Amino acid sequence: MREMTYRQARHLIDDADLLLFGGRALWPSIPIRWWDNGYRAFDPDRADLGDWWRWRCWLTLGDWSHSEFANWDHKDSDPVLESWGSVAGGPRKIALSTLLDRYGSFGWAPFMGTEQERRLVLAMARRLWRPGAHYPSARQYLRTALRRIYCEKVDCDPAGFVCHEWVGTCHRLYQPAGLSATDLIGCGRFGAVTRIVK
């Protein structure tokens, strides 16, 4: 994975670009990174790798536990690069530099759509925005995991979105229920991920 400093990358990051974060909290970050580690115990394409592959499935953490997307706030004369997502306490907008300080680094994948598609992503986010909504509980994470298994559609309720579903819904991905960071990276709407450091 390529690496850049925030100073180098800031002017390249645009509206609707995918932002990925790797939390270290015991709940919910570590279980999410374990669930989405890139290894699947019963992957038929990897059956020839045997026990080594299965052990790696159980012992590896993925890079990313949380996703949001970028938004330039041009309200003042000095534009602010924000990260927009669904987190504890509900939907939020926060300066991306603040999240860089909190996480130490983040992943950035440029959105491959047109300017019109970028505007549609932001319009969908504004339509779904509900300040003060309560973040889903452990029950929501379980529901999200089960929806992935049973291929159910996501609820269009920002109070019920986990972060990956928020990004998937704003980007109008088909059936975003149970999306993970790996699914977002591989959906074809974003370029290669670059790790951004201080």
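Everything quoted here is computed from the prediction, not taken from an experiment.

**Q** Residues and numbers for the overall build of the protein chain, please.
**A** Scanning the protein chain from N- to C-terminus turns up eight helices and seven strands. For the protein chain, the residues scored as buried account for 49% of the 198 residues in total. In the structure as shown, the protein chain presents an accessible area of about 10700 Å², 55% of it carried by carbon and sulfur atoms.

**Q** Please set out helix 4 (residues 96-103) residue by residue, giving values where relevant.
**A** When we look at burial in helix 4, the residues that qualify are Leu-96, Leu-99, Leu-100 and Tyr-103. Axial view of helix 4: buried residues confined to an arc of 105 degrees, hence all on one face. Taken from the residues just after helix 4, Gly-104 is the one with a positive phi, measuring 90 degrees.

**Q** Summarise the packing of helix 5 (residues 115-128) against helix 7 (residues 163-170); cite the residues concerned and give the values.
**A** With their axes 8 Å apart at the nearest point, helix 5 and helix 7 run at an angle of 125 degrees to one another. Compared by their axis directions, helix 5 and helix 7 come out oblique. Residues Val-121, Met-124, Ala-125 and Leu-128 of helix 5 form the contact with helix 7, whose participating residues are Trp-166, Thr-169 and Cys-170. Of the residues in the contact of helix 5 with helix 7, the class split is six nonpolar, one polar and no charged.

**Q** Could you give an account of the pattern of salt bridges, naming the residues involved and the relevant values?
**A** By the definition in use, this model includes six salt bridges. Linking Arg-118 and Asp-14 is a salt bridge whose minimum nitrogen-to-oxygen distance equals 3.7 Å. In this pair, Arg-118 sits in helix 5 while Asp-14 sits in the loop between helix 1 (6-9) and strand 2 (18-21), placing the two residues 104 residues apart along the sequence. What makes Arg-118 buried here is its relative accessible area of 9%.

**Q** Explain helix 7 to me, using residue names and the numbers behind them.
**A** Of all eight residues making up helix 7, eight are buried, and the element is well covered by its neighbours. Of the residues making up helix 7, those classed as buried are Cys-163, His-164, Glu-165, Trp-166, Val-167, Gly-168, Thr-169 and Cys-170. Looking at the residues trailing helix 7, positive phi occurs at Arg-172, about 55 degrees.

**Q** An account of unusual backbone geometry is needed here, citing residue identities and associated values.
**A** Phi is positive for Ala-16, close to 75 degrees, though the residue is something other than glycine. Positionally, Ala-16 belongs in the loop between helix 1 and strand 2.

**Q** Describe the side chain of Asp-73, with residues and values.
**A** Locating Asp-73 in the fold gives a position in strand 3 (residues 66-73). Lacking a salt bridge, the buried Asp-73 has Lys-75 as its closest oppositely charged neighbour, with an N-O distance of 4.3 Å. Separated by 3.0 Å, the side chain of Asp-73 and the backbone nitrogen of Lys-75 make a polar contact.

**Q** Break down the pairing of strand 2 for me, citing the residues and quoting the values.
**A** What you see with strand 2 is no split at all: Leu-18 and Leu-20 on one side and Leu-19 and Phe-21 on the other are buried throughout. As defined by bridge partners, strand 2 adjoins strand 3 across four bridges and the pair is classed as antiparallel. Looking at the pairing, Leu-19 lines up with Glu-68 of strand 3. Direction of pairing for strand 2 relative to strand 6 (residues 105-109): antiparallel, over a ladder of three bridges. Paired with Leu-19 across the bridge in strand 6 is Trp-108.

**Q** I'd like to hear about the packing of aromatic side chains, residue by residue, with values.
**A** Following the criterion strictly, the structure yields six aromatic pairs and no others. Consider the rings of Phe-21 and Phe-106, whose centres lie 5.8 Å apart with planes at 40 degrees: the pair is tilted. Here Phe-21, found in strand 2, pairs with Phe-106, found in strand 6; they are 85 residues apart in sequence, far enough to count as distant. This pair shows no difference in class: Phe-21 is buried, exactly as Phe-106 is. Seen in terms of ring centroids, Phe-69 and Trp-166 are 6.4 Å apart; in terms of plane orientation they differ by 10 degrees. Their pairing is stacked.

Calculation notes
- Residues numbered from 1 in each chain as written.
- Predicted model: local features only at pLDDT ≥ 70, side-chain atom pairs only at ≥ 80, totals over all residues.
- Heavy atoms only, no water.
- Helix = DSSP H or I, 4+ residues; strand = E, 2+ residues; numbered from the N terminus.
- Buried < 20%, exposed > 50% of the residue type's maximum accessible area, 1.4 Å probe, protein only.
- Areas by Shrake-Rupley, 256 points an atom, 1.4 Å probe, with all protein chains shown as cover.
- Arc of directions from axis to C-beta.
- Axes fitted to C-alpha atoms, helices over the stretch in contact; angles between N-to-C directions.
- Parallel < 35°, antiparallel > 145°, perpendicular 65-115°, else oblique.
- Contact = heavy atoms within 4.5 Å.
- Nonpolar A, V, L, I, M, F, W, Y, C, P; charged D, E, K, R; others polar.
- Salt bridge = Lys/Arg side-chain N within 4 Å of Asp/Glu carboxyl O.
- Lys, Arg positive; Asp, Glu negative; His and termini not counted.
- Polar contact = N/O pair within 3.5 Å; in protein donor to acceptor, adjacent residues only side chain to side chain.
- Pairing = 2+ DSSP bridges.
- Phe/Tyr/Trp six-rings, centres within 6.5 Å; stacked < 30°, edge-to-face > 60°.

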